[in-house]
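Summary of the model geometry
Residues per chain are reported as follows:
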Amino acid sequence: MEYLIRPVIPDDYDRLAHIINDEWKFYLYSKEYAHRLSKLYLMHVLNGSIAYSLIVDGDVEGVVIIDGGDLDTSLEFQELSDEMDGIQALDQCIEDMECLEGVLHEFESTAGRKDLIELKLVIISKDVKGNGFGRSLMEKASITSLQKGYGGFIFYTDSYCNIGFYDHLNAEIIGHKDIFCMGEDTRVLVYVMDNLFG
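Description of the structure in this document. Given the structure is predicted, the values throughout are model-derived calculations rather than measurements.

Each disulfide is one covalent bond, formed between the sulfur atoms of two cysteines. Within the structure shown, the criterion is met by 0 disulfides. Between cysteine 93, a free cysteine, and cysteine 181, which holds the nearest cysteine sulfur, the sulfur-to-sulfur gap is 8.7 Å. No disulfide involves cysteine 99; its nearest neighbouring cysteine sulfur is the one of cysteine 181, lying 6.3 Å away. Residue cysteine 99 is classed as partly exposed on the basis of its relative accessible area, which comes to 31%.

Written out as structure tokens, the structure is:
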């Protein structure tokens with residue numbers, strides 16, 4: 001497989017939303033609005049970020065997103081919100097996003113480090129998992145964070161994700177919180193991870 005990592009472009013958004021929906025089951029909010037809700041989430045995490053798409057054999061197959069950039073997807077976010085205005089699934093999705101981010105912010109002081117940047121998202125299509133692409137995306141994020149003066153990452157995930165991936169990268173759990181999210185009880189894990197090249 002041939003691959004490259006390049007900055008995210010708007011043409012990537014629909015495919016990335018599809019990957020997010022497949023992995024995180026946004027259909028639990030609403031089958032009818034699942035793709036739009038996953039795209040709404042993507043627009044949310046892209047805003048104010050630095051993002052790189054993984055291209056495998058010409059297709060978008062993943063993304064890594066870190067805080068601290070100048071991407072502006074606020075207009076796309078607002079347009080999607082307006083399209084779904086009044087739909088309960090939208091309100092629940094936004095409430096869950098705020099809840100998850102709140103958990104991360106609860107534990108930021110626990111990390112005791114000022115040199116951390118938020119890793120907002122790393123996701124790979126199930127079609128290409130197991131080929132080292134996740135590590136490649138994390139290496140790209142590490143290079144970018146080093147250039148910006150950061151020594152590592154802080155991020156959250158839930159216990160349903162492949163936490164072995166983060167363990168393999170020597171990420172350390174600094175806390176957890178049990179919440180109700182996406183219609184089910186979920187344990188949110190907050191990690192700190194040193195830069196891969198630090």
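That covers the picture; the talk isn't over yet.
Peptide bonds are, in most cases, trans, and in most cases residues other than glycine have a negative phi. Unlike most non-glycine residues, aspartate 57 shows phi in positive territory, near 50°. Relative to the helices and strands, aspartate 57 is located in the loop between β2 (49–56) and β3 (59–67). Exposure remark for aspartate 57: the relative accessible area of 49% places this residue in the partly exposed category. For methionine 182, which is not glycine, the phi dihedral falls at a positive 55°.

Counting buried residues in strand β4 (residues 116–124) gives 9 out of 9 residues, a clear majority hidden from the surface. Here 5 bridges tie β3 to β4, and the two strands are oriented antiparallel to one another. Residue pairing across strands places glycine 62 opposite isoleucine 124, the latter belonging to β4. Note: β4 against strand β5 (residues 152–158), 3 bridges, orientation parallel.

Here the focus is helix α1 (residues 13–24). Counted at 1.5 Å a residue, the expected span for α1 with its 12 residues is 16 Å, and the 16 Å between its end C-alpha atoms agrees. Summarising the contacts, the buried residues of α1 are in contact with α2 (34–46), β2, β3, α3 (74–83) and β4.

Of all hydrophobic cores here, the largest spans 46 residues; its most connected members are Phe26, Leu37 and Leu42. Counting residues per element, this core draws most heavily on helix α4 (residues 88–111), which supplies 9 residues. Among all residues touching leucine 42, those that are not within four sequence positions of it are Tyr13, Leu16, Ala17, Ile20 and Ile65.

What follows deals with α3. Taken as a whole, α3 has its buried residues at Phe77, Leu80 and Ser81. Looking down the long axis of α3, one finds its buried residues gathered within 100° of arc, a one-sided arrangement. Residues of α3 that are buried in the fold lie against α2 and α4.

Thresholds applied
Residues numbered from 1 in each chain as written. Predicted model: local features only at pLDDT ≥ 70, side-chain atom pairs only at ≥ 80, totals over all residues. Heavy atoms only, no water. Disulfide = S-S within 2.5 Å. Buried < 20%, exposed > 50% of the residue type's maximum accessible area, 1.4 Å probe, protein only. Helix = DSSP H or I, 4+ residues; strand = E, 2+ residues; numbered from the N terminus. Pairing = 2+ DSSP bridges. Expected span 1.5 Å × (residues − 1). Contact = heavy atoms within 4.5 Å. Core = buried A, V, L, I, M, F, W, Y, C linked by side-chain atoms within 4.5 Å. Arc of directions from axis to C-beta.

That is the geometry; function is a separate question.
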